[in-house]
Amino acid sequence: DVYDKLDVSVTPPDATHSTVFWHSDNPAIASVNSDTGRITAVSIGTTYIIATAGGITAVCEVTVKNPTVIPQDMTLRVGKSALITYTTQPANMSLVGATWTSDNETIAKVVANNVVIGVAEGQTPLTVTTSDGVQAGCTLTVLPADPNDKEVEDINIYGFDYVPASGAVPLKTLPLFTGQTYDRLFAEVLPADATFDALLWVSERPDIATVNQDGVVTALKQGKVNIIAVAGGQTKVCEVTVEVVTVTPATLILKLGTTAANPLTATVTPYNDPYDNAVWWSDDPSIASVGGDGIVFAESVGETMIYATEWENESACKVTVISDVEIAITPATIELIPEEVYNKLDVTVTPRDGIDAAYTFSSEKPDIATVDEFGVVTALQEGTTKIFATTAGGKQAACTVKVMTGRYPVFDFTIAHPTPSTSMGITWLDPKPTLTWVPIPAGMTDAELAEKIDDAADRWNMFLQSIEPRPYFESLPRNDMERYKVFKQIYVGDVGNLKLDTPKLDYESGNITINRYWPESDASPADIAGQTASLAKRQTAFKAMVEQIRTWQAEMQASPLWERPGTSGPIQNLHSQMGNEITYPNPLTDAKLIDRENFSIETLLYVILPVTETSALFEFYFGVSSFRLPTSPT
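Note that the coordinates shown come from a computational prediction; the quantities given were computed from them, not determined experimentally.

What the chain contains, in helices and strands, is seven helices and 50 strands. Looking at the chain as a whole, 42% of its 634 residues qualify as buried. Of all intrachain contacts in the chain linking residues separated by at least 6 positions in sequence, the fraction that spans at least 24 positions is 57%. Accessible area for the chain stands at about 33,500 Å²; split by element, carbon and sulfur atoms hold 51% of it.

Here it is, written out as structure tokens:
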């Protein structure tokens with residue numbers, strides 16, 4: 001049940017905070033709309049609805065009870081009939097499905113659940129049971145028959161066209177369609193001068209068909225129900241059968257331009273008798289039309305519903321119209337490069353004289369490749385699309401168009417010029433290499449394309465030289481001072497002369513060690529704690545560079561150049577060269593490090609990393625190398 005709104009007033013009316021907000025102390029029993037105060041009963045029990053405004057509250061106690069039926073005590077004479085009277089709480093409570101019974105049918109009997117007839121003098125309880133189990137009762141007192149009354153002996157029921165004293169045949173059955181209203185039934189009470197209070201009409205199953213006290217019957221759903229006329233102590237039944245129209249078949253598939261071999265049929269359920277008076281119509285006559293005889297014609301490809309209607313009852317057949325042709329396209333796949341034109345796709349339609357033999361071309365992704373009305377395909381940019389040939393009836397065939405990559409890789413870098421440091425060693429700037437993909441010019445051959453990729457590999461090697469502070473010479477001067485000068489000024493590629501701190505020469509071992517340190521490190525190389533902090537930065541930067549190179553490698557593998565004849569060798573070579581620079585030196589593994597990416601500064605200080613076992617990138621970031629002098633000093 002719903003209570004529309006509680007009345008509430010705020011004092012004073014012009015209070016600053018006068019807006020009222022509602023809430024329930026127990027919404028499981030009764031809920032309330034916080035803005036409107038509308039209350040909805042949820043379950044049996046008691047709760048409080050609270051109104052709040054400006055911090056002030058007011059409370060209303062709400063009790064939710066079971067719905068109830070309250071029959072009223074009745075008095076009736078023998079041989080008389082009456083409707084059982086009652087009230088309900090709430091007032092709009094429905095008693096559809098409720099059952100009325102008499103505890104003593106020798107005193108009174110109940111007809112069609114809500115009409116009672118007095119049988120013999122006495123009293124008996126009447127009980128009602130609702131569909132959800134609620135029960136209530138009243139007392140019926142039956143008085144002796146009035147000796148002046150003339151008893152009703154019989155009742156006849158007639159149809160709407162009944163004419164009194166015409167000798168019409170009584171109506172015992174009445175067929176109706178769902179939704180149909182029959183206006184109306186007539187009842188003849190015999191003898192004509194019989195005494196009765198009122199002629200009553202009742203339905204045994206008001207969920208199937210109802211009847212009002214004027215005898216108007218309304219069919220609601222398929223089934224059978226007794227409509228009963230009651231006068232005095234007599235009853236008469238008219239059986240009403242509520243029928244539905246069913247269309248068969250339920251589905252139908254037709255080829256475009258054809259007529260169904262057999263008409264649709266409408267039958268009446270439950271009898272399954274043919275029904276010839278149904279009104280036929282199509283939901284979309286442009287797809288399938290239907291004649292008054294139920295014959296369907298396929299107009300165009302698609303789906304629609306064909307209906308048979310009687311009164312408010314209708315049934316339908318789903319009609320699917322399909323193409324009458326088959327279509328094929330060749331070739332099934334073509335590969336192009338951007339701006340290349342393919343002339344042209346071949347299409348075969350069978351039969352050629354089919355009603356929808358004409359076809360049109362279209363591209364699934366016209367930004368990748370377009371097609372004109374003649375089947376000429378023009379490639380625009382890298383990607384895959386489908387070119388469709390479609391008949392007027394919707395039949396399709398497709399050609400897959402793969403536009404090969406329109407790009408080749410170009411590698412470049414910014415030289416990392418060193419600057420002097422306040423501590424030992426030098427400061428190295430972070431290198432900034434780039435790999436971009438450049439559109440392939442129209443007409444470029446695979447040989448020219450391979451040369452471009454080789455150029456990228458050459459630039460990669462130049463990048464490695466630019467970050468590689470190794471002494472490069474074919475022979476060392478024998479003079480100690482000249483040898484010192486070689487290591488004082490080291491020439492590396494096109495970077496120029498690099499100023500290094502005085503190298504540490506160990507004349508007994510013949511080794512020379514060159515130390516390089518991370519930018520922004522203020523710690524002395526001898527300060528292990530400071531080096532640990534700088535090492536964390538070095539590892540972070542190195543990992544970022546490794547991930548960048550791995551991304552470039554993935555782009556290469558995803559490129560069609562990876563397997564394209566004439567270009568696969570150069571691009572796979574560049575891929576391999578990059579991979580060589582992102583591996584960790586073996587000596588770190590030999591030092592039994594579990595995770596080579598998390599080695600410590602102590603590892604780098606005390607584990608010898610020969611030049612032949614490190615990469616240029618690794619040495620650039622971690623900066624410890626040992627070089628063997630080719631000759632011993634004199």
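The next subject is the confidence of the model for the chain. Of all residues in the chain, 76% have pLDDT values of 70 or greater, and the mean over the chain is 78. By mean pLDDT, the top-scoring element of the chain is strand E38 (residues 369-371) (96), and the lowest-scoring one is strand E47 (residues 496-499) (33).

Ordered in space as E34-E41-E40-E37, the four strands form an open sheet in which the pairing is mixed. Among the strands making up the open sheet, the edge pair consists of strand E34 (333-336) and strand E37 (359-363). Within the sheet, the average angular offset between the axes of one strand and its neighbour, ignoring direction, is 20°. Bridge count for strand E40 (residues 383-391) against strand E41 (residues 396-403) is eight bridges, and the pairing is antiparallel. Directly across from Thr 384, in E41, lies its bridge partner Lys 402.

This part is about the environment of Leu 199. Inspection of the secondary structure assignment puts Leu 199 in the loop between strand E19 (186-190) and strand E20 (200-203). In this structure Leu 199 comes out as partly exposed when scored by relative accessible area, which is 25%. Considering only alpha carbons, one finds Leu 199 and Ala 229, 30 residues apart in sequence, at a separation of 6.9 Å. Residues in contact with Leu 199, not counting those within four places in the same chain, are Ala 187, Val 189, Gln 213, Ala 229, Val 230 and Ala 231.

With that out of the way, let us pick up the sheet that holds strand E12 (residues 108-111). Taken in spatial order, the three strands make up an open sheet running E9-E13-E12, and their pairing is antiparallel. At either end of the open sheet lies a strand with only one pairing partner, and these are strand E9 (81-83) and E12. Strand-to-strand twist across the sheet, computed as the mean angle between neighbouring axes with direction ignored, equals 25°. Where E12 meets strand E13 (residues 115-118), four bridges bridge the pair, whose relative direction is antiparallel. Along E13, the bridge assignment pairs Lys 109 with Ile 117.

Formed by 33 residues in total, the largest nonpolar core has its most connected members in Phe 411, Trp 460, Phe 463, Ile 549, Met 556, Met 578 and Leu 617. Going through the elements one at a time, strand E42 (407-412), strand E45 (434-439), helix H1 (446-466), helix H3 (528-558), helix H4 (568-580) and helix H7 (616-622) are the ones with two or more residues in this core. Residues in contact with Phe 411, not counting those within four places in the same chain, are Pro 433, Thr 434, Leu 435, Ala 456, Arg 459, Trp 460, Phe 463, Trp 552 and Met 578.

Here we come to a negative patch on the surface. A surface patch of negative charge is lined by Glu 448, Glu 451, Asp 454, Asp 455 and Asp 458. Positionally, Glu 451 belongs in helix H1.

Turning to the packing of aromatic side chains, a few remarks are in order. The full count for this structure, using the stated rule, is nine aromatic pairs. The interplanar angle of 75° and the centroid separation of 5.3 Å between the aromatic rings of Phe 411 and Trp 460 together place this pair among those described as edge-to-face. Here Trp 460 lies in helix H1 and Phe 411 lies in strand E42, a separation of 49 residues in the sequence. For Phe 411, a relative accessible area of 2% puts it in the buried group. Ring plane angle 65° and centroid distance 5.8 Å describe the contact between Phe 411 and Phe 463, whose orientation is recorded as edge-to-face. Of this pair, Phe 411 sits in strand E42 while Phe 463 sits in helix H1, placing them 52 residues apart in sequence. Site record: aromatic cluster; members linked through ring pairs are Phe 411, Phe 413, Trp 460, Phe 463 and Trp 552.

It is possible for side chains of opposite charge to pair when their charged atoms get near one another. One pass over the full model with this rule turns up 11 salt bridges. For Asp 193, the salt bridge identified is with Lys 150, shortest N-O distance 2.8 Å. Within this pair, whereas Asp 193 is found in the loop between E19 and E20, its partner Lys 150 is found in the loop between strand E15 (135-143) and strand E16 (154-158), the two being separated by 43 residues in sequence. Since its relative accessible area comes to 46%, Asp 193 is described here as partly exposed. Here Lys 236 makes a salt bridge to Asp 154, at a shortest N to O gap of 3.3 Å. Residue Lys 236 is located in strand E24 (residues 234-248), and its partner Asp 154 is located in strand E16; the two are separated by 82 residues in the primary sequence. Given a relative accessible area of 27%, Lys 236 falls into the partly exposed group. Classification of Asp 154 as partly exposed rests on a relative accessible area of 29%. Three or more residues are tied together by salt bridges with common partners; here these are Arg 205, Asp 207 and Lys 221.

With that settled, consider the environment of Gln 539. Mapped onto the elements, Gln 539 comes out in helix H3. Among the residues examined, Gln 539 registers a relative accessible area of 14% and is labelled buried. With 79 residues separating them in the primary sequence, Gln 539 and Phe 618 have C-alpha atoms 9.7 Å apart.

For Ser 203, the position within the fold is in strand E20. Using a relative accessible area of 11% as the deciding quantity, one classes Ser 203 as buried. Among the polar contacts listed, one links the side chain of Ser 203 to the backbone nitrogen of Arg 205, at a separation of 3.3 Å. Reaching out from Ser 203, the side chain makes a polar contact with the backbone oxygen of Ala 209 at a distance of 2.6 Å. Apart from residues no more than four positions distant in its own chain, Ser 203 is found in contact with Ala 112, Ala 209, Thr 210, Val 211, Val 225, Asn 226 and Ile 227.

Time to look at unusual backbone geometry. Following Leu 190, the chain continues into Pro 191 via a peptide bond in cis, with omega recorded as -5°. When you line up the elements, Pro 191 lands in the loop between E19 and E20. Backbone torsion omega between Asn 343 and Lys 344 reads 0°, so that peptide bond is classified as cis. Mapped onto the secondary structure, Lys 344 falls in the loop between strand E35 (341-342) and strand E36 (346-350).

The alternating pattern of E15 places Ala 136, Cys 138, Leu 140 and Val 142 on a buried face, while none of Gln 135, Gly 137, Thr 139, Thr 141 and Leu 143, on the opposite face, is buried. By the bridge criterion, four bridges tie strand E8 (residues 74-77) to E15 in an arrangement that is parallel. Bridge assignment links Met 74 to a residue of E15, and that residue is Leu 140. Here strand E14 (residues 122-129) runs beside E15; their pairing, made up of eight bridges, is antiparallel. Counted as the bridge partner of Gln 123 is Thr 141 from E15. Hairpin remark: E14 followed by E15, antiparallel, with five residues in the connecting loop; positive phi at Gly 133, about 90°.

The rules behind the values
- Residues numbered from 1 in each chain as written.
- Predicted model: local features only at pLDDT ≥ 70, side-chain atom pairs only at ≥ 80, totals over all residues.
- Heavy atoms only, no water.
- Helix = DSSP H or I, 4+ residues; strand = E, 2+ residues; numbered from the N terminus.
- Buried < 20%, exposed > 50% of the residue type's maximum accessible area, 1.4 Å probe, protein only.
- Contact = heavy atoms within 4.5 Å.
- Areas by Shrake-Rupley, 256 points an atom, 1.4 Å probe, with all protein chains shown as cover.
- pLDDT = per-residue confidence, 0-100.
- Pairing = 2+ DSSP bridges.
- Axes fitted to C-alpha atoms, helices over the stretch in contact; angles between N-to-C directions.
- Core = buried A, V, L, I, M, F, W, Y, C linked by side-chain atoms within 4.5 Å.
- Patch = residues over 30% accessible without salt bridge, like charges linked within 9 Å, V, L, I, M, F, W, Y side chains within 5 Å.
- Salt bridge = Lys/Arg side-chain N within 4 Å of Asp/Glu carboxyl O.
- Lys, Arg positive; Asp, Glu negative; His and termini not counted.
- Charge placed at Lys NZ, Arg CZ, Asp CG, Glu CD.
- Phe/Tyr/Trp six-rings, centres within 6.5 Å; stacked < 30°, edge-to-face > 60°.
- Polar contact = N/O pair within 3.5 Å; in protein donor to acceptor, adjacent residues only side chain to side chain.

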